[in-house]
Amino acid sequence: MKFIKKSIISVFSLLFLTFIFSPIFNNSVHALSNGIGTINDTYSRTILNDMTYTYTDSNNGDPQKNYTLTYNPKTSGVRALAMFGEYEFGGDTISTNVALAQKRGYTVIAGVNASPFDTSNGVTVGTIISDGKIISCKNGTSGYDSFAILSDGTMFIGTSNLSLYFTTSTGKTVTINNINKQKKTAGNGIYFFSDDFATDTKTLAESTEVVLSYVSGEMKLGKDLVCKVENIYSNATRTPIKEGEFVLTGPSISGLGNIAVGEEVTVSFRSNDTSHDWNDVTDSICGFYQILKDGAVMSGIDSDSIVHPRTTIGFKANGEIVLYVVDGRQPNFSIGLSDRACAEYMASLGCVDAIRMDGGGSSAMTVRLPGDTKLTTVNSPSDGGERNDSDCLL
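Residues numbered from 1 in each chain as written. Predicted model: local features only at pLDDT ≥ 70, side-chain atom pairs only at ≥ 80, totals over all residues. Heavy atoms only, no water.

(A) View of the overall build of the protein chain. Across its full length, the protein chain carries two helices and 27 strands. Taken over the C-alpha trace, the protein chain has a radius of gyration of 21 Å; the compact-globule value for 394 residues is 21 Å, and the two agree within 12%. With respect to the three principal axes, the spread of C-alpha positions in the protein chain is 70 × 45 × 35 Å. Split into buried and exposed, the 394 residues of the protein chain put 58% on the buried side. Carbon and sulfur atoms provide 47% of the accessible area of the protein chain, an area that totals close to 14500 Å². Averaging the positions of the 31 positive and the 41 negative side-chain charges in the protein chain gives two centres separated by 3 Å. (Helix = DSSP H or I, 4+ residues; strand = E, 2+ residues; numbered from the N terminus. Rg over C-alpha atoms; globule rule 2.2 N^0.38 Å. Buried < 20%, exposed > 50% of the residue type's maximum accessible area, 1.4 Å probe, protein only. Areas by Shrake-Rupley, 256 points an atom, 1.4 Å probe, with all protein chains shown as cover. Lys, Arg positive; Asp, Glu negative; His and termini not counted. Charge placed at Lys NZ, Arg CZ, Asp CG, Glu CD.)

(B) Highlighting unusual backbone geometry. Located in the positive-phi region is N49, a residue other than glycine, with phi close to 50 degrees. Among the secondary structure elements, N49 is positioned in the loop between β2 (38-48) and β3 (51-59). Of note in this structure, R329 is not a glycine but carries a positive phi near 65 degrees. For R329, the position within the fold is in the loop between β23 (321-326) and α2 (339-348). Overall, R329 belongs to the partly exposed group, its relative accessible area being 46%.

(C) A look at the sheet that holds β3. Across the sheet, which stays open at both edges, the eight strands sit in the order β2-β3-β4-β23-β22-β24-β20-β21 with antiparallel pairing between neighbours. Strand pairing shows two members of the sheet lacking a second neighbour, β2 and β21 (296-297), which therefore form its edges. One ladder, built from two bridges, connects strand β20 (residues 289-293) with β21; its direction is antiparallel. Counterpart to L292 in the pairing with β21 is V297. Set on the sheet, α2 makes contact with β3, β4 (63-71), β20, β21, β22 (310-316), β23 and β24 (351-356); between it and β20 the angle comes to about 45 degrees. (Pairing = 2+ DSSP bridges. Contact = heavy atoms within 4.5 Å. Axes fitted to C-alpha atoms, helices over the stretch in contact; angles between N-to-C directions.)

(D) The arrangement of the nonpolar core in detail. Judged by nonpolar contacts, the single largest core of 34 residues is most densely connected at Y53, L69, F147, I313, M365 and V367. When residues no more than four places from it in sequence are discounted, the contact partners of M365 are Y53, Y67, T68, L69, G111, V112, L323, V325, T376, T377, V378 and N379. By size, the runner-up hydrophobic cluster in this structure holds 30 residues, among which are A148, I179, I190 and F269. (Core = buried A, V, L, I, M, F, W, Y, C linked by side-chain atoms within 4.5 Å.)

(E) Focus on the pattern of salt bridges. All told, the structure shown has 13 salt bridges when counted by the stated rule. Across the pair D118 and K184 runs a salt bridge, and its minimum N-O distance is 2.7 Å. Residue D118 is found in the loop between β6 (107-113) and β7 (128-130), and its partner K184 is found in the loop between β13 (178-179) and β14 (191-193); the two are separated by 66 residues along the sequence. For K184, a relative accessible area of 35% puts it in the partly exposed group. In this structure, D196 and K133 form a salt bridge, with 2.8 Å as the shortest nitrogen-oxygen distance. Of the two residues, D196 sits in the loop between β14 and β15 (207-217) while K133 sits in strand β8 (residues 133-138), which places them 63 residues apart along the sequence. Salt bridges linked by common partners bring R79, D131 and D283 together as one network. (Salt bridge = Lys/Arg side-chain N within 4 Å of Asp/Glu carboxyl O.)

(F) Here's a closer look at the pairing of strand β9 (residues 146-150). Within β9, five of the five residues are buried, which leaves it mostly tucked inside the rest of the structure. Along β9, one buried face is formed by S146, A148 and L150 and the opposite face, lined by F147 and I149, is buried too. For β9 and strand β19 (residues 281-286), the ladder comprises five bridges, and the chain directions are antiparallel. Bridge pairing in β19 links A148 to S284. The pairing of β9 with strand β10 (residues 155-158) spans four bridges and is classified as antiparallel. Along β10, the bridge assignment pairs I149 with M155. Taken together, β9 and the strand that follows it, β10, pair antiparallel across an intervening segment of four residues, in which G153 is found at a positive phi of about 95 degrees.

(G) Summary view of the state of the cysteines. Inspection of the entire model under this criterion finds zero disulfides. Left unpaired, C286 is separated from the closest cysteine sulfur, that of C137, by 11 Å. In this structure C286 comes out as buried when scored by relative accessible area, which is 0%. Cysteine C342 shares no disulfide, and the gap to the nearest cysteine sulfur, in C351, comes to 11 Å. (Disulfide = S-S within 2.5 Å.)

Scope: geometric values only; no functional claims are made or implied.
Here it is, written out as structure tokens:
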């Protein structure tokens, strides 16, 4: 169910959207360079309060154009918001998300792209939480790390290890494998859709699809959502999702606990991560994997020979967030960096932890520069313009 926040508030946009967990990446200390080489030119501008935008022209054997945004969510009066467009399915540009956020009453100052996504449908591969509400996730671990922000502005990089399930009126518990992900083949688990996903389920294989109406509760971690079964469709695809409704999809009605029309079911959203309080997360996006931990580059990341446009998010010990984009794939202008070089640069900026977000043609940063009334894409995306992404951080 869509709950739109009306109050006007300064917000920093994270379009991301998305974080990878890989057990082979262990903390490894070694001597760091600044990652970007010789600095030829740099300048900074204060965007709002203590939010600073910095452009840096450098050369590490190849030309590099670097863009950073730095602010403290606890002191700047600016907060981060994960935005995913009107719907999660299909993807949208940062500019589209900015317009949508402003329509909903937010004042947007800046934004970067976020989560890696399924290129066939624009849906994030990991977990998105926006303003406390679950937008997309998987049961268990998705294989991707997340960048998450708590209600007090504290940040962490972690893995959203989740338990998703529904309970029938007879007490039968059924695992939900995916929330707001596209079901492409028959028999591959149970899916739960909200009206944030799309106007219909987008299922490609015939399934049993159960339409649910809202009764009570919230679609938040640590909470339950009570729904009532309104209709059951067999051998169905692309069942409509009306505003305020939900759809359960599975291979058969028996696989869905033999629920019946008129019955109430309780959908539960739980976190198994004891290291972080996911129940207090206001916004979370998915990245590929952590590249910097406790000020040291993670071992196992690629060598300096692999370079691309990159987007990286990190934070400092003093609570400041650093959003970083480097252009790439543009000879004689900006080649791009490796994961290791990005990690080294984030460390040189004072970050203790950092995560690699979606990069390549997705890497983009938009900023409302001093004196301007509109936001400007300050970097040069390698596709020639903004890409439709799963989500962003505003």
